[in-house]
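Structural overview
Single-letter residue listing:
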Amino acid sequence: MSLIKQISADAAHAARTLAQLDESLKNTVLLDMARSLREKSYEIQNANLIDVHRATQDNLSPAMVDRLTLNQHRIEAMAQGIETIAALPDPVGRERFIGKRPNGLSISKMRVPLGVVCMIYEARPNVTADAGALCFKSGNAVILRGGKEALHTSQVIASILQAVLTAYGLPKALISVIPDPDRALMLELMQQREFIDVIIPRGGEGLINYVTENSSIPVIQHFKGVCHLYVDKDANQDIALDLLLNGKTQRTGVCNALEGLLVHKDIAPRFLPRVAKALAEHQVKINACPPAAAYFDACTYMAEEDFGQEYLDLEIAIRQVDNFEVATQHIAKFGSHHTEVICTDNELTAARFQRAVDASVVMVNASSRFSDGSELGLGAEIGIATTKLHAYGPMGLEALTTEKYLVSGTGQIRA
């Protein structure tokens, strides 16, 4: 049996033991995982330095290096995320009554784990902790295939989590790591449908497309984050400016950062000069349509077909729009179903925007940076699904389960 097939088979076997685990024991294990991450943060950071150094030598983009880098604050956030997961109710085993049939059959549904989740990701070592904790609490085994960029960091984090598992007599195969990032092994991994139930890729568009096109296992896709802020004619300009700066400049290399700004023409003469001044102070490169470009000293002119890019940098696309309909049409054409934001004081317009826009997260007067599992109360996320089967948006515990029917009778037979 090959290494990949053995890892997959071991994970499937381990998942069967986890499905029956008591919630209180799960929570105890998770709290010990958080404690261990804190205690061994120095070890994690040392491994991360190796990965960051190699990434810099390989001329990875600043956005990729930022995603790769772990410091004390980010390790603490990982630990806190696991503690939040421990505090959340366990979805596994939760029942809901559907109804009683005329023949007396009682119909319910029960939440059950997916089984074995395979995570394929690039320079995101925090995914190792997030996915390990979320899958453990939701009753799933997880196979982690990180990119070569984060290999040392991911292996150290996984070994810390595995040590906690074995300390409680649980199989370390509940959290497995593919030790070699070779793409041929990844291709073999994506064929293990006998053992793996779902694959969740996190990374660039090239990785997502490669997994989707080559996997024989169902894929939950997390495509790029082309997120927009639409500043309506009834917007509070101070709030709009805060949302823009936070969404664009607070952390550029993440999928919930703003990449597009749409401004209603009625507010543009008052608002865009403020935007020009604020973004210049943050050294943000401006790409704009001709009407919006008039408010900026230096910018790149954009034709309509040039919109829809994910910059992951201090760069943004700006368009002046004639009305609400043009704004939502722009989002429908150039958005990526990730996160869309409206700034407005008009409650009817806000409600209309939330109904009209097709995105996994639609916000009113709040920063796109809140489109994150931990910020939405999920503890952490295993990904942000931008397709709709079977999850949409940040995926927490419940999204890692499905439902089976429970049917109870008194001896009924079908005529």
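Residues numbered from 1 in each chain as written. Predicted model: local features only at pLDDT ≥ 70, side-chain atom pairs only at ≥ 80, totals over all residues. Heavy atoms only, no water.

The test is simple: UniProt positions are given in the numbering used here, feature names are shortened, and annotations may be inferred rather than shown by experiment.
The protein has the name Gamma-glutamyl phosphate reductase in an unreviewed UniProt entry, where Shewanella mangrovisoli is given as its organism. Note on the protein: under the UniProt heading Function (unreviewed entry), the record states "Catalyzes the NADPH-dependent reduction of L-glutamate 5-phosphate into L-glutamate 5-semialdehyde and phosphate. The product spontaneously undergoes cyclization to form 1-pyrroline-5-carboxylate."

Section: unusual backbone geometry
In plain terms, the rule: Here a helix means four or more residues in a row that DSSP labels H or I, a strand means two or more in a row labelled E, and each is numbered from the N terminus.
In the segment running from Leu 389 into His 390, the intervening peptide bond is cis, with an omega of -5°. Relative to the elements of secondary structure, His 390 occurs in the loop between strand S14 (384–385) and strand S15 (393–394). Even without glycine at this site, His 337 takes up a positive phi of about 65°. If you trace the backbone, His 337 turns up in the loop between helix H13 (324–334) and strand S12 (339–343). At Asn 365, a position not held by glycine, the phi torsion is positive, near 55°.

Describing the UniProt feature "domain: Aldehyde dehydrogenase" (unreviewed entry) in the protein
Per the UniProt entry, the sites bearing "domain: Aldehyde dehydrogenase" (unreviewed entry) are residues 5–284 in this numbering. When the span residues 5–284 is considered, its composition is 51% helix and 16% strand, and the gap between its end C-alpha atoms is 48 Å.

A closer look at the sheet that holds strand S1 (residues 95–100)
Which entries qualify depends on this criterion: When DSSP finds two or more bridges between a pair of strands, those strands are recorded as paired. Only the stretch in contact is used when fitting a helix axis, every axis being a line fitted to C-alpha atoms; angles between N-to-C directions are given from 0 to 180 degrees.
Sheet architecture is open: three strands sit in the order S1-S2-S16, paired in antiparallel fashion. Either end of the sheet is taken by a strand with one partner, and the two such strands are S1 and strand S16 (401–408). Within this sheet the neighbouring strands show an average axis-to-axis angle of 25°, counted without direction. Relative to S16, strand S2 (residues 106–113) runs antiparallel, the two sharing eight bridges. Along S16, the bridge assignment pairs Met 110 with Lys 404.

Here we look at the packing of aromatic side chains
The criterion, for reference: Whether two aromatic rings pair depends on their centres lying within 6.5 Å, for rings of Phe, Tyr and Trp, where Trp uses its six-membered ring; planes under 30 degrees apart make the pair stacked, over 60 edge-to-face, and the rest tilted. Exposure is judged per residue with a 1.4 Å probe applied to protein chains only, and the accessible area is read against the type maximum: over 50% gives exposed, under 20% gives buried, and values in between give partly exposed. Placement of a charge over a ring requires the Lys NZ or Arg CZ to be within 6 Å of the ring centre, with the centre-to-atom vector within 35 degrees of the ring normal.
Evaluated as defined, the whole model comprises four aromatic pairs. Where Tyr 230 meets Phe 353, the ring centres are 6.3 Å apart and the plane angle is 20°; that geometry is what we call stacked. Remark: Phe 353 occurs in helix H14 (residues 347–356) and Tyr 230 occurs in strand S7 (residues 227–231); sequence separation between them is 123 residues. An identical accessibility class is assigned to Tyr 230 and Phe 353; each is buried. Ring centres 6.0 Å apart and planes at 50° place the aromatic pair Phe 307 and Phe 334 in the tilted group. Within this pair, whereas Phe 307 is found in the loop between strand S10 (300–301) and strand S11 (315–321), its partner Phe 334 is found in helix H13, the two being separated by 27 residues in sequence. By relative accessible area, which is 8% here, Phe 307 ends up buried. Through a chain of ring-to-ring contacts, three or more aromatic side chains come together here, namely Tyr 230, Phe 324 and Phe 353. The ring of Tyr 405 carries the charged tip of Lys 109 above its face, separated from the ring centre by 4.5 Å.

Concerning the pairing of strand S9 (residues 285–288)
Across four bridges, S9 lies against S11 in parallel orientation. In the strand pairing of S11, Ala 288 is matched with Ile 318. Pairing between S9 and S10: two bridges, direction parallel. Following the sheet pairing, Ala 288 is matched in S10 by Tyr 301.

Quick word on the pattern of salt bridges
Which entries qualify depends on this criterion: The rule for a salt bridge is simple: a side-chain nitrogen of Lys or Arg has to be within 4 Å of a carboxyl oxygen of Asp or Glu.
In this structure the tally under the stated criterion is 21 salt bridges. Measuring nitrogen to oxygen at the nearest pair gives 2.8 Å for the salt bridge that ties Asp 90 to Lys 26. Placement of Asp 90 in the loop between helix H5 (72–87) and S1 and of Lys 26 in helix H2 (residues 23–39) is noted, with a sequence separation of 64 residues between them. Residue Asp 90 is classed as buried on the basis of its relative accessible area of 12%. When the shortest N-O distance is used, the salt bridge between Arg 38 and Glu 83 registers 2.8 Å. With Arg 38 in helix H2 and Glu 83 in helix H5, the pair connects residues that are 45 residues apart, well separated along the chain. Residue Arg 38 is classed as partly exposed on the basis of its relative accessible area of 28%. In this structure Glu 83 comes out as partly exposed when scored by relative accessible area, which is 30%. Where salt bridges share partners, they join Asp 32, Arg 35 and Glu 39 into one cluster.

Description of a nonpolar patch on the surface
Spelled out, the test is: Two joining distances apply to patches: 9 Å for like charges and 5 Å for nonpolar side chains (Val, Leu, Ile, Met, Phe, Trp, Tyr), and every residue must have over 30% relative accessible area and no salt bridge. Values of accessible area rely on a 1.4 Å probe in the Shrake-Rupley scheme; residue burial ignores everything except the protein chains shown.
A cluster of nonpolar side chains, namely Ile 98, Tyr 405 and Val 407, defines an oily patch on the protein surface of about 320 Å² accessible area. Position of Tyr 405 relative to the elements: it lies in strand S16.

Structural notes on the sheet that holds S11
Strands belonging to one sheet form pairs held by backbone hydrogen bonds; the direction of such a pair is parallel or antiparallel. For the record, the criterion: By the convention used here, residues are in contact when the closest approach between their heavy atoms is within 4.5 Å.
Read across the sheet, seven strands follow the order S10-S9-S11-S8-S7-S12-S13 without closing on themselves; strand pairing throughout is parallel. Pairing within the sheet leaves two strands with one partner each, and these edge strands are S10 and strand S13 (361–364). Taken together, the four bridges between S7 and S12 define a ladder with parallel strand orientation. Pairing of Val 231 across the sheet is with Cys 343, part of S12. Along the sheet, H13 makes contact with S7, strand S8 (258–264), S11 and S12, crossing S7 at roughly 175°. Against the sheet, H14 contacts S7, S12 and S13, and its axis sits at roughly 170° relative to S13.

A short note on the packing of helix H10 (residues 237–249) against helix H11 (residues 268–281)
Keep this limit in mind: Each crossing gets its handedness from the near helix: less than a right angle anticlockwise from the far helix is left-handed, clockwise is right-handed. Amino acid classes used here: Ala, Val, Leu, Ile, Met, Phe, Trp, Tyr, Cys and Pro are nonpolar; Asp, Glu, Lys and Arg are charged; the rest, including Gly, are polar.
The geometry of H10 relative to H11 is characterised by a closest axis approach of 11 Å and an angle of 35° between their N-to-C directions. Where H10 crosses over H11, the handedness of that crossing is right-handed. Taken together, the residues of H11 that come into contact with H10 (itself represented by Gln 237, Asp 238, Ala 240, Leu 241, Leu 244 and Leu 245) are Arg 270, Phe 271, Arg 274, Val 275, Ala 278 and Leu 279. In terms of residue class, the contact of H10 with H11 is made up of eight nonpolar, one polar and three charged.

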